[in-house]
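# Understanding the architecture of this molecule
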Amino acid sequence: MMTQWKLGVALAALVVAPQVAAEPSDREVQQIMKHDFHPKGQAKMDRLEQDAVQRICTATNDRPPAALAKTLEGDQMKAIVYPSDGLMGDWKEGAKIAWSGRGMQWNEDPKKPSGGGCYNCHQISPQRTSAGTIGPSLTRFGKIRGNGVETQKYVYGKIYNAKAYSLCSHMPRFGHTGSLTEQQMKDLTAYLLDPNSPVNK
Amino acid sequence: MRTITGIATCAAALALALSPAFAQQKSQFEDYQRMTAEGSPVELFELVGEELWTKPQGPKNVSLEKCDLGKGPGVLKGAHAALPRYFKDVDQVMDTESRILHCMMTLQGRSREEALKRPFGNADKPSEMEYLAAYVAGQSRGFRLNPGNRHPEEKASYELGKKLFYVRTGLWDFSCASCHGEEGKRIRMSELPVLSSPKAARPLMATWPAYRVSNSTFKTMQWRINNCFRQMRTPEPNFGSDTVNAVNMFLTTTAKGATYRGPGTKR
């Protein structure tokens, strides 16, 4: 469907304006980017190396074929490392991590802990009104879904690697990229699921 | 000057915060925006920029007055509104700031390193580039945005920019479209314009570069794109690189036809 549409536009462009410039290939775009960036602070050039997830999502405009998406999601899922001593941390710490938007940028001290920046995109606690809307609202998440082991595993896994659940999700892979520590992800899990957390009040 | 603006801003924000009438919030917000625009020191930036433009500098001790921004040496009227465009002398597509940098190097004999030592300033000390960009852009008020679109390199720059907009990259897998691809989305309380749509791109590109009231700084488009990449957790893009200029070309072409009315004043 998508391909046919693109093909149609390309053909129409050829007929109407034969001198139209060709789109650069994904590979060419990557080469141009590598030439046009420099490392700064903690942000090294390896951050421009696209992995399979980024490559496929770029190539398909975030709409990968279902079978391929399933395979790659499976690969991401296999790489999730779960803590051995339970998945629920301290929701009070989780509240701070969810609120903090710092971390992993070239101007920031990598020795200081990162935040999850969760409120940038999600409404979470009903008391916090300064919340973004790129992701779904997570208000009353634990109240609605309960806090059983499977739900804990889902929440922890989703924070660790959102691409294991939805390949071209806009949510960063916080565990996979080492942006958050195991303890921080446990604290966030508790923030969403603990019955005492303001999220579930 | 800044203090006065600060007080006016605080007063406006306070008035907004104290307002109990929710229904009136929208129009009050618009009032606030207008008030901040009226108290903006943009003109001051343009004036300092003009001084710097005409001041002999660099090893050759000449001013930038003979700089060719695409309309011929020394012609500033409407130049910014017609950028980015292809320049034969460098065989490259350049935007306003890239071309100013080029003139610093060629006319004034300055090294790239020296001219780019401090491309982005802060509230205490704005950069030379910011002052100059304010002055040059101000000379395009009333002109319609009409970036180059005939030369093959201009078309290639647009195509590259369009593709870059959707590239998933950086530590956190974002593309420009992750935040600027869907109507009606916000980061925290900041509304996110869908920059691939003319409706959103036109009013924005018509007002960059711009003064930012929230941190009392003057910001260029090179900074704006650089700062998006910072938040995308990539390494830093080179100032005036094909990548940054192509993104600018894509955005300006999307906004084509809008009447330039900057430098603007933003929250």
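Parameters and conventions
Residues numbered from 1 in each chain as written. Chains lettered and ligands numbered in written order. Predicted model: local features only at pLDDT ≥ 70, side-chain atom pairs only at ≥ 80, totals over all residues. Heavy atoms only, no water. Helix = DSSP H or I, 4+ residues; strand = E, 2+ residues; numbered from the N terminus. Buried < 20%, exposed > 50% of the residue type's maximum accessible area, 1.4 Å probe, protein only. Contact = heavy atoms within 4.5 Å. Buried area = accessible area lost by both parts, 1.4 Å probe. Salt bridge = Lys/Arg side-chain N within 4 Å of Asp/Glu carboxyl O. Polar contact = N/O pair within 3.5 Å; in protein donor to acceptor, adjacent residues only side chain to side chain. Nonpolar A, V, L, I, M, F, W, Y, C, P; charged D, E, K, R; others polar. Pairing = 2+ DSSP bridges. Axes fitted to C-alpha atoms, helices over the stretch in contact; angles between N-to-C directions. Parallel < 35°, antiparallel > 145°, perpendicular 65-115°, else oblique. Lys, Arg positive; Asp, Glu negative; His and termini not counted.

### A short note on the overall build of chain A
Across its full length, chain A carries nine helices and one strand. N-terminal to C-terminal, the α/β element order of chain A is α-α-β-α-α-α-α-α-α-α. Projected onto its principal axes, the C-alpha positions of chain A cover 65 × 40 × 35 Å. In chain A, buried positions account for 43% of the 201 residues.

### Structural notes on the interface of chain A and chain B
Taken together, the contact between chain A and chain B spans 56 residues of the former and 39 residues of the latter. For the pair chain A and chain B, the summed buried surface comes to about 4100 Å²; carbon and sulfur atoms form 55% of the total. Along the contact surface separating chain A from chain B lie six salt bridges. In this structure, Glu-236 of chain B engages Lys-40 of chain A in a salt bridge whose closest nitrogen and oxygen atoms are separated by 3.2 Å. Linking chain A with chain B are 30 residue pairs in polar contact (both at pLDDT 80 or more). Within the residue set of the side of chain A that touches chain B, elements represented by two or more residues are α2 (26-36), β1 (37-38), α3 (52-59), α5 (91-99) and α6 (118-121) of chain A. For the side of chain A that touches chain B, the per-class residue count stands at 23 nonpolar, 23 polar and ten charged. Inspection of the sheet shows β1 of chain A paired to strand β7 (residues 236-237) of chain B by two bridges, in the antiparallel sense. Following the sheet pairing, His-38 of chain A is matched in β7 of chain B by Glu-236 of chain B.

### What to know about the packing of α2 of chain A against helix α7 (residues 152-164) of chain B
The geometry of α2 of chain A relative to α7 of chain B is characterised by a closest axis approach of 11 Å and an angle of 95° between their N-to-C directions. Overall, the two elements α2 of chain A and α7 of chain B adopt an arrangement that is roughly perpendicular. Seen from α2 of chain A, the contacting residues are Asp-26, Val-29, Ile-32 and Met-33 of chain A; seen from α7 of chain B, they are Leu-160, Lys-163 and Leu-164 of chain B. Broken down by class, the residue content of the contact of α2 of chain A with α7 of chain B amounts to five nonpolar, no polar and two charged.

### Comments concerning the sheet that holds strand β6 (residues 217-219) of chain B
Residue and element names in this part refer to chain B. Read across the open sheet, the three strands follow the order β6-β5-β8; overall the sheet is mixed. In this open sheet, the two edge strands, each paired with only one partner strand, are β6 and β8 (264-266). Each strand of the sheet is rotated relative to its neighbour by a mean of 30°, with strand direction disregarded. Relative to β6, strand β5 (residues 210-212) is paired through three bridges, and the arrangement is antiparallel.

### Here's the deal with the environment of Thr-177 of chain A
Inspection of the secondary structure puts Thr-177 of chain A in the loop between α8 (149-160) and α9 (182-193). Assessed through its relative accessible area of 19%, Thr-177 of chain A is described here as buried. C-alpha of Thr-177 of chain A to C-alpha of Thr-129 of chain A: the two residues are 48 residues apart in sequence and 29 Å apart in space. Not counting residues within four places of it along the chain, the set of residues in contact with Thr-177 of chain A comprises Leu-171 and Trp-172 of chain B. Reaching out from Thr-177 of chain A, the side chain makes a polar contact with the backbone oxygen of Arg-173 of chain A at a distance of 2.6 Å. A polar side-chain atom of Thr-177 of chain A sits 2.7 Å from a polar atom in the side chain of Ser-179 of chain A.

### Considerations on the side chain of Asp-36 of chain A
Position of Asp-36 of chain A among the secondary structure elements: in helix α2. Although Asp-36 of chain A is buried, it forms no salt bridge, and the closest oppositely charged side chain is Arg-112 of chain B at an N-O distance of 8.6 Å. In this structure, Asp-36 of chain A is in contact with Glu-236, Pro-237, Asn-238, Ser-241, Asp-242 and Thr-243 of chain B, ignoring residues within four places of it in sequence.

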